[in-house]
Amino acid sequence: MNQQSEKPGYLRVSPRHLGQMRLATFCPSCFWYAIALGFRYPFDMPMPGIMHNLDKFEKLLVEAYFNKHGKAPKWLSQLGCTGPVDFPEKMTEDISNLGITLVGMPDGVFKKKDGSLCVVDYKTAKHKGEDDPFLPAYQTQLQGYARLLEHYEIGQVTSAALVYFQNDLSSYAAKPLDLLTDTGITVPFTVEIHNIELDPKAIDELLKKFRKFADLPAPPEGSEKCKTCQRLDRLFQVEHRLLSTQKIIKDFENCDTARMHWILNRKEASRRSSLVLESRGWEAELDELLVQDLDSVPGSLDL
Ligand code: SF4
């Protein structure tokens, strides 16, 4: 067993990130870039404060109930848990044959009557059952936590579940004043449990697949469902043409300064307009602008 070690040169990955490979919207190209960036995306936004607080509160609530009553809250009782189990705040496993460090932190781990463990993940979201498009990723998340708990010899994990805290505000649309209190409002939540089947082999396969992605020398093709990369390529082409044109114009700047400035200003206006065009059909409009610009360059500077 190897605890808390993060070997140099090893790739770090969480079960949550491994789960992305199982989503219907998965894009191999995006994932390749994400691995290269260590899953620290540019322009990434932290979780909104309210969600972070709710997440924390859900864990505290369950623990406080167990401490006070010595049993699970009614809505959690179907899991057959007898009490919470301590586990390290962050668990890691170095997988030497793949050069990967698996990193994870479950929301809650409980002991069951037979001594085995149940691992749970709290979701502040509407329970959509089997229709939830993120379900395959959630399954992987829990499977990964189960693996780490066993790696740390905390116990044998025999069951897993998603615990959904879903707000019921929509049922109060016709009677919003019912939620009013002297100091503000009370938002009602109900809890639903979704049991997850554990499949230890699935995580092994995903770890191997992850290593293969990481070893690719260049990004694979993007998802057919997403056209953003194609649009970006097109944008870069347009930008490249504009920059080349500007460079040629600059080279001739000494010939006729006033005329050169006029051309440069036109190019700049064209470039700026590209930023505000609607994404639908913007390529054609940009092409049109470029053709107009090039047509309007004085004959003596036919580019
Ligand atoms: S195709 Fe879409 S999802 Fe894939 S890398 Fe490009 S922008 Fe990202």
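So, here's what we can say about the structure. Note that the structure is a prediction, hence the values are computed from the model and not measured. (Residues numbered from 1 in each chain as written. Predicted model: local features only at pLDDT ≥ 70, side-chain atom pairs only at ≥ 80, totals over all residues. Heavy atoms only, no water.)

1. Considering the layout of surface pockets
So, point 1. One number sums up the size of the largest pocket: a volume of about 1,600 Å³.
So, point 2. The wall of the largest pocket is formed by 39 residues, among which Ser14, Arg16, His17, Met47 and Gln141 lie closest to the centre.
So, point 3. Of all the secondary-structure elements, those providing two or more residues to the lining of the largest pocket are β1 (11-13), α1 (15-19), α3 (49-69), β4 (100-104), β6 (117-123) and α4 (135-151).
So, point 4. With five residues, the top contributor of residues to the lining of the largest pocket is α3.
So, point 5. The residue inventory of the lining of the largest pocket, partitioned by class, reads 20 nonpolar, eight polar and eleven charged.
So, point 6. Empty space within the second largest pocket amounts to approximately 430 Å³.
So, point 7. Lining the second largest pocket are 18 residues, and of these Lys59, Glu63, Phe87, Pro106 and Asp107 sit closest to its centre. (1 Å grid on protein atoms, 1.4 Å probe; cavity = no way out; pocket = protein on both sides within 12 Å on 5 of 7 lines; lining within 4 Å. Points joined across faces, edges and corners; volume = space filled by probe spheres on them. Helix = DSSP H or I, 4+ residues; strand = E, 2+ residues; numbered from the N terminus. Nonpolar A, V, L, I, M, F, W, Y, C, P; charged D, E, K, R; others polar.)

2. Quick notes on the pattern of salt bridges
So, point 1. Counted by the stated rule, this structure contains six salt bridges.
So, point 2. Two residues, Asp107 and Lys59, come together in a salt bridge whose shortest N-O distance is 3.4 Å. Remark: Lys59 occurs in helix α3 and Asp107 occurs in the loop between β4 and β5 (108-112); sequence separation between them is 48 residues.
So, point 3. A salt bridge links Glu93 to Arg147; the shortest N-O distance between them is 2.9 Å. Taken together, the positions of Glu93 in strand β3 (residues 91-95) and Arg147 in helix α4 put the pair 54 residues apart, joining distant regions of the chain.
So, point 4. Note on Glu93: relative accessible area 11%, which makes it buried. (Salt bridge = Lys/Arg side-chain N within 4 Å of Asp/Glu carboxyl O. Buried < 20%, exposed > 50% of the residue type's maximum accessible area, 1.4 Å probe, protein only.)

3. Here's the deal with the environment of Arg22
So, point 1. Relative to the helices and strands, Arg22 resides in the loop between α1 and α2 (28-36).
So, point 2. Here the alpha-carbon distance between Arg22 and Leu98, two residues 76 residues apart in the chain, equals 20 Å.
So, point 3. If near-sequence neighbours (up to four positions away) are discounted, Arg22 is found in contact with Pro136, Gln139, Thr140 and Leu206.
So, point 4. Within the structure, Arg22 has its side chain in polar contact with the backbone oxygen of Pro136 (distance 3.0 Å). (Contact = heavy atoms within 4.5 Å. Polar contact = N/O pair within 3.5 Å; in protein donor to acceptor, adjacent residues only side chain to side chain.)

4. As for the pairing of β4
So, point 1. In terms of residue burial, β4 counts as a mostly covered element, since five of its five residues are buried.
So, point 2. Because side chains alternate across β4, one face comprises the buried residues Ile100, Leu102 and Gly104, and the other comprises Thr101 and Val103, equally buried.
So, point 3. Here β1 runs beside β4; their pairing, made up of three bridges, is parallel. From the neighbouring strand, Arg12 faces β4, where its bridge partner is Thr101.
So, point 4. Relative to β4, β3 is paired through five bridges, and the arrangement is antiparallel. (Pairing = 2+ DSSP bridges.)

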